[in-house]
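Residue strings, one per chain:
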Amino acid sequence: MGAMNQLETKSTISAAIELQNLEVKYGGRPAVNGLSLTVPAGAIFGFLGPNGAGKTTTIKTMLGLRKPDGGSVRVLGYDAVSQSLEVRGRVGYMSEVNSLYDSLTIPQHCAFCRSVSKQWNQGMVDRYVSLFGLPTNRKVGKFSRGMKSQLALSLVLGSNPDLLILDEPTAGLDPVARHQVLNQLVAEIAAQGKTIFFSSHILSEVEAVADWVGIIRDGKLIVCDELDHLKQTQKVLKLTYVELPPAAEVTTLRGLPGVMSLEQEGRSVRLLTHGNVESLSQTIQARPHALRDVDIVDLDLEDLFLTYMKEESNGR
Ligand SMILES: Nc1ncnc2c1ncn2[C@@H]1O[C@H](COP(=O)(O)OP(=O)(O)OP(=O)(O)O)[C@@H](O)[C@H]1O
């Protein structure tokens, strides 16, 4: 794709990925079940969900590797089913199971990739190979798992993709390598205004680099939002009453607008709130039951994730 076309793509496409009512089944069992999701162009999007939630299946469908049983998938403006070649030509993909050749060295891998890539950037690969300190004269079969991940990532960057899709890119990497992979790579790609869509179970690293998050469970979307907005609008309000609050009061609290869930332990009540927590707190303090303590607690992404999982298990 020429530079002109790249500019056109960027100026006309506001969503890098758009899933509408996506359904994917394995032998009649839904793995993705009516998933609608929009990933804005230029986002660093963390795709989260417990084991078996449908993340890898969703990613495979985006890449045209699996056909949807219902709904639609558009990637960089192209239909992932009927225009899968266009999609694959513009998307860099790396999974935890990377496809490298044990008998080849790094320069031999580069020669192969260069021959099949439309917009190969050797300088980018060299920079990352050197950043990771990978040996260029050894066969890849002698590399550790982490070194293989680092090479796979360097090669994906060399293909100069408009969208980078990474399925658990830091699985198997030590903390230093994880930091290098995510921080360096995200800074690099984000500075170019490209989009990164990555799945991970390491929520602290997602929190450190992502600006958007989507959480799925049982193939369905639970939440999709800008991370800052999510953290601003979802907080915990901890109340400590002077005396045990009557059951009717607890029921009233549970029903107040902005209260998503409530847990009680004796005189302590913990509310997960949505929206303006300050005004909710004032409403509660104006009620007739005396409070000893009122605390507003920020949630980190791990807290939010665990809370969403709990809410869903309770059949909210
Ligand atoms: N090839 C397959 N054949 C049959 N069922 C499958 C296949 N691949 C995945 N599944 C099922 O589809 C569901 C979603 O799996 P998927 O691998 O997409 O989840 P995931 O969110 O990526 O999980 P993890 O975090 O464990 O990697 C699971 O119930 C899984 O058992």
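Residues numbered from 1 in each chain as written. Predicted model: local features only at pLDDT ≥ 70, side-chain atom pairs only at ≥ 80, totals over all residues.

As recorded by an unreviewed UniProt entry, the protein chain carries the name ABC transporter related protein and is attributed to Ktedonobacter racemifer DSM 44963. The UniProt entry for the protein chain carries the following text under Sequence similarities (unreviewed entry): "Belongs to the ABC transporter superfamily." (UniProt positions renumbered as here; feature names shortened; annotations may be inferred.)

The next subject is the environment of Val116. Positionally, Val116 belongs in helix α4 (residues 106-116). Classification of Val116 as exposed rests on a count of 8 C-beta atoms within 10 Å. Distance from Val116 to Gly89, taken between C-alpha atoms, is 9.8 Å for residues 27 residues apart in sequence. (Helix = DSSP H or I, 4+ residues; strand = E, 2+ residues; numbered from the N terminus. Buried ≥ 20, exposed ≤ 12 C-beta atoms within 10 Å, placed from the backbone.)

For Asn21, which is not glycine, the phi torsion reads 50° and is therefore positive. On the secondary structure map, Asn21 appears in strand β1 (residues 15-26).

Turning our attention to the environment of Asn137. As for its placement among the helices and strands, Asn137 is situated in the loop between α5 (122-132) and α6 (145-158). Take Asn137: there are 7 C-beta atoms within 10 Å of it, and that puts it in the exposed class. In this structure the C-alpha to C-alpha distance between Asn137 and Pro245, which are 108 residues apart in sequence, comes to 71 Å.

Let us look at α6. Taking 1.5 Å per residue, 14 residues should reach 20 Å; α6 reaches 20 Å between its end C-alpha atoms and fits that length. Here α6 has its buried residues at Met147, Ser149, Gln150, Leu151, Ala152, Leu153, Ser154, Leu155, Val156, Leu157 and Gly158. Buried-residue contacts for α6 involve β6 (91-94), α4, α5, β7 (163-167) and α7 (175-191). Remark: Asn160 follows α6 within two positions and exhibits a positive phi of approximately 55°. (Expected span 1.5 Å × (residues − 1). Contact = placed C-beta atoms within 7 Å.)

Contact geometry for α5 and α6: axes closest at 8 Å, N-to-C directions at 160°. In terms of orientation, α5 and α6 fall into the roughly antiparallel class. Handedness of the crossing formed by α5 with α6: right-handed. Residues Gln122, Met124, Val125, Tyr128, Val129 and Phe132 of α5 form the contact with α6, whose participating residues are Gln150, Leu153, Ser154, Leu155, Leu157 and Gly158. A per-class count over the contact of α5 with α6 returns eight nonpolar, four polar and no charged. (Axes fitted to C-alpha atoms, helices over the stretch in contact; angles between N-to-C directions. Parallel < 35°, antiparallel > 145°, perpendicular 65-115°, else oblique. Left-handed = near helix turned anticlockwise from the far one by under 90°. Nonpolar A, V, L, I, M, F, W, Y, C, P; charged D, E, K, R; others polar.)

Turning our attention to the packing of α6 against α7. Between α6 and α7, the least distance of the axes is 11 Å, while the angle of their chain directions is 10°. When the axis of α6 is compared with that of α7, the two are roughly parallel. In this structure, α6 contributes Gly146, Gln150 and Leu153 to the contact, and α7 contributes Ala177, Val181 and Leu185. Per-class residue counts for the contact of α6 with α7 are four nonpolar, two polar and no charged.

A word on the domain arrangement of the protein chain. Split by domain assignment, the protein chain resolves into domain 1 (3-218) and domain 2 (230-313). In this structure, domain 1 and domain 2 have C-alpha centres spaced 39 Å apart. Taken residue by residue, the interface counts nine residues in domain 1 and eight residues in domain 2. No other element matches the four residues that helix α8 (residues 203-209) contributes to the side of domain 1 that touches domain 2. Tallied by class, residues from the side of domain 1 that touches domain 2 come to six nonpolar, one polar and two charged. (Domains from an automatic or database assignment.)

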